[in-house]
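Next come the chains, spelled out residue by residue.
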Amino acid sequence: MNKKIRFSPSLCVTHRCNLNCVYCYQYHDEQRRMNFDTAKKCIDWIFHNIPDYATDGVEIGFIGGEPLMEFNLLRQIFSYVASKYNDIEHIFYATTNGTLLNAEMKEWFSAHKNCFVLGLSLDGAKETHDANRCGSFDSIDFDFFLKNWPGQGVKMTLSEYSLPRLAENIKFVHGLGFKHIIGVNLAEGSFDWSKEEYIKILIPQLQELVEFYVENETLTLNQMLDRKLYVCESTKKERKKWCGTGTGCVFFDTDGKRYPCSFMTPMTFSQDDLQTILSTDFSNDELFIDNKCFEECYLYPLCPICYGANFYNRKTFSVRDKSRCRIQKLIALFAADLHAKRIVKNPALYDKSIIYSMINAIEKIRSLYLQEFQEYLL
Amino acid sequence: MGILNDKLMASLQIIRAELKPAYGAAYDGGNISYYSCGGSCKDECGWSRCQGDCDGTSEGWEGLP
Ligand code: SF4
Ligand code: SF4
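Residues numbered from 1 in each chain as written. Chains lettered and ligands numbered in written order. Predicted model: local features only at pLDDT ≥ 70, side-chain atom pairs only at ≥ 80, totals over all residues. Heavy atoms only, no water.

Trainee: Would you explain the nonpolar core in this entry?
Mentor: Residues and elements named next belong to chain A. The biggest cluster of nonpolar side chains holds 109 residues, and the ones touching the most others in it are L11, F62, F109, F116, L118 and I362. The element that contributes the greatest number of residues to this core is helix α12 (residues 352–377), accounting for 13 residues. If near-sequence neighbours (up to four positions away) are discounted, L11 is found in contact with M34, C42, I43, I46, I60, G61, F62, I63, I77 and F252. Core analysis: the second largest hydrophobic core is formed by 27 residues, Y25, F263, F282 and C306 among them. (Core = buried A, V, L, I, M, F, W, Y, C linked by side-chain atoms within 4.5 Å. Buried < 20%, exposed > 50% of the residue type's maximum accessible area, 1.4 Å probe, protein only. Helix = DSSP H or I, 4+ residues; strand = E, 2+ residues; numbered from the N terminus. Contact = heavy atoms within 4.5 Å.)

Pasting the structure below:
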């Protein structure tokens, strides 16, 4: 695994998008586009503010809207950085819906594939992808992505439509040749996760995925199941904010203003909410800790939270949405089952230093949560 | 089959018992860093692509040069 540590700020080059996906929460203000002068100022700021920990230079991420709508600007920025900061190690990354890549763009990106990486949003097989993402499946050239960045993953977002097809879609994406699947989380979309029906829908999907990932033991697990259960056994529970929002993360909006991360921006929040957000002291970890979760829940170290989504849905950074607890427990149970089966099948896949705690965690998760779901699992 | 069934749990216990003399004392949880998630990105957004250190830096995915 590549372990380079880079400063990775993002630039929002446009609020425009050519799609309108079912779960998208952004306002797509057509007028908001970054101009080259603003981009240069952002780039200068970035290269003059590289933190000491970033020992391997800078990774500049481009976000939108759909960043490829501003292909010319991306090229200009690329040349500007090459001419001014070539002595500092850097790469570029853009998340794209993949639908706008024409022959000219493909040629340019292929020529620069070692320093400009494209990450694709892909929700699964055609039927699901089309239902979620405006019928855009056939506009994506998967081979282009796989050929240029063979180790790169895709970002998968869940919708009510995709949930009953989760396993099929994940298998499909791996089958195409993508090794990593990120996203697959409970933060996006407008689910009411407390609904019992989701439990019933998810169980067969998770069962199928466990079987698939045990059979394909060297595949990297998708983000939903990739839980490092052993961290729950740690005796050094730290009171820390999980992600880098407002601290390590830096996001520049189209007008060059800085925001805490790619979620907490004018694309998502009203001016009133942004005022509250921007007056928050992000370096104060205490503002981001749900004490009840921290004190009482075994899954706390595993239970992911997007503070932006939490604030969006609940107007608080700290108090977590407990309507998701049952689903988190269910996922933890299946992650435990998956790791248990992989360990028994081939213990050599696991670092010896973690197997012991992993097994303890599996036992604990079983004893805490299995009973609760027994009626569905029979 | 079933999830976390008794047979599976018994097999795990055997593996753990074999590990214990060599690793048990050292690896009983005490020295596992809370953030040694080693690849499970805590960014629920999946955008900042950090792996492990969770502070907004990029530790690089496989695939990133
Ligand atoms: S608050 Fe959410 S979107 Fe922002 S960096 Fe954290 S996990 Fe990502
Ligand atoms: S599962 Fe529920 S109680 Fe546990 S940390 Fe997550 S939100 Fe809190």
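Trainee: Whenever I open this one, the side chain of K228(A) confuses me. Can you help?
Mentor: Residues and elements named next belong to chain A. Within the element layout of this structure, K228 appears in the loop between α7 (196–215) and β8 (251–252). Relative accessible area serves as the criterion here: at 15%, K228 is assigned to the buried category. Among the polar contacts made by the side chain of K228, one reaches the side chain of D226 at a distance of 2.6 Å. (Polar contact = N/O pair within 3.5 Å; in protein donor to acceptor, adjacent residues only side chain to side chain.)

Trainee: Mind showing me how you'd approach the pattern of salt bridges here?
Mentor: Opposite charge on two side chains permits them to pair, given that their charged atoms come into close proximity. All names here are of chain A. Inspection of every chain in the model, using the stated rule, returns 25 salt bridges over all chains. Residue K345 pairs with E217 through a salt bridge whose shortest N-O separation is 3.3 Å. A residue pair is termed long-range when its members are at least 10 positions apart, and K345 in helix α11 (residues 325–345) and E217 in the loop between α7 and β8 qualify at 128 residues. Among the residues examined, K345 registers a relative accessible area of 44% and is labelled partly exposed. For K329, the salt bridge is made with E372, and the minimal N-O distance between the two is 3.4 Å. Within this pair, whereas K329 is found in helix α11, its partner E372 is found in helix α12, the two being separated by 43 residues in sequence. One network of salt bridges, with partners in common, ties together E196, R326, K329 and E372. (Salt bridge = Lys/Arg side-chain N within 4 Å of Asp/Glu carboxyl O.)

Trainee: Before we go on, may I ask you to explain the environment of C306(A) in this structure?
Mentor: Residues and elements named next belong to chain A. Looking at where C306 falls in the secondary structure, it is placed in the loop between α9 (291–296) and α10 (307–314). Here C306 falls in the buried class, since its relative accessible area comes to 13%. Distance in space between the C-alpha atoms of C306 and D44 is 29 Å, their sequence separation being 262 residues.

Trainee: Would you take a moment to explain the confidence of the model for chain B for this structure?
Mentor: A low pLDDT score tells you not to read the predicted coordinates there in detail. Residues and elements named next belong to chain B. Across chain B, the average pLDDT comes to 56, with 28% of residues at or above 70. Note on residues 24–43: pLDDT under 50 across the span, and 62 contacts to partners over four residues away in sequence or across chains. Low pLDDT, under 50, characterises residues 47–65; the predicted model gives this stretch 87 contacts beyond four residues in sequence or across chains. Both scores are available for the predicted complex, with the pTM at 0.87 and the ipTM at 0.83. (pLDDT = per-residue confidence, 0-100.)

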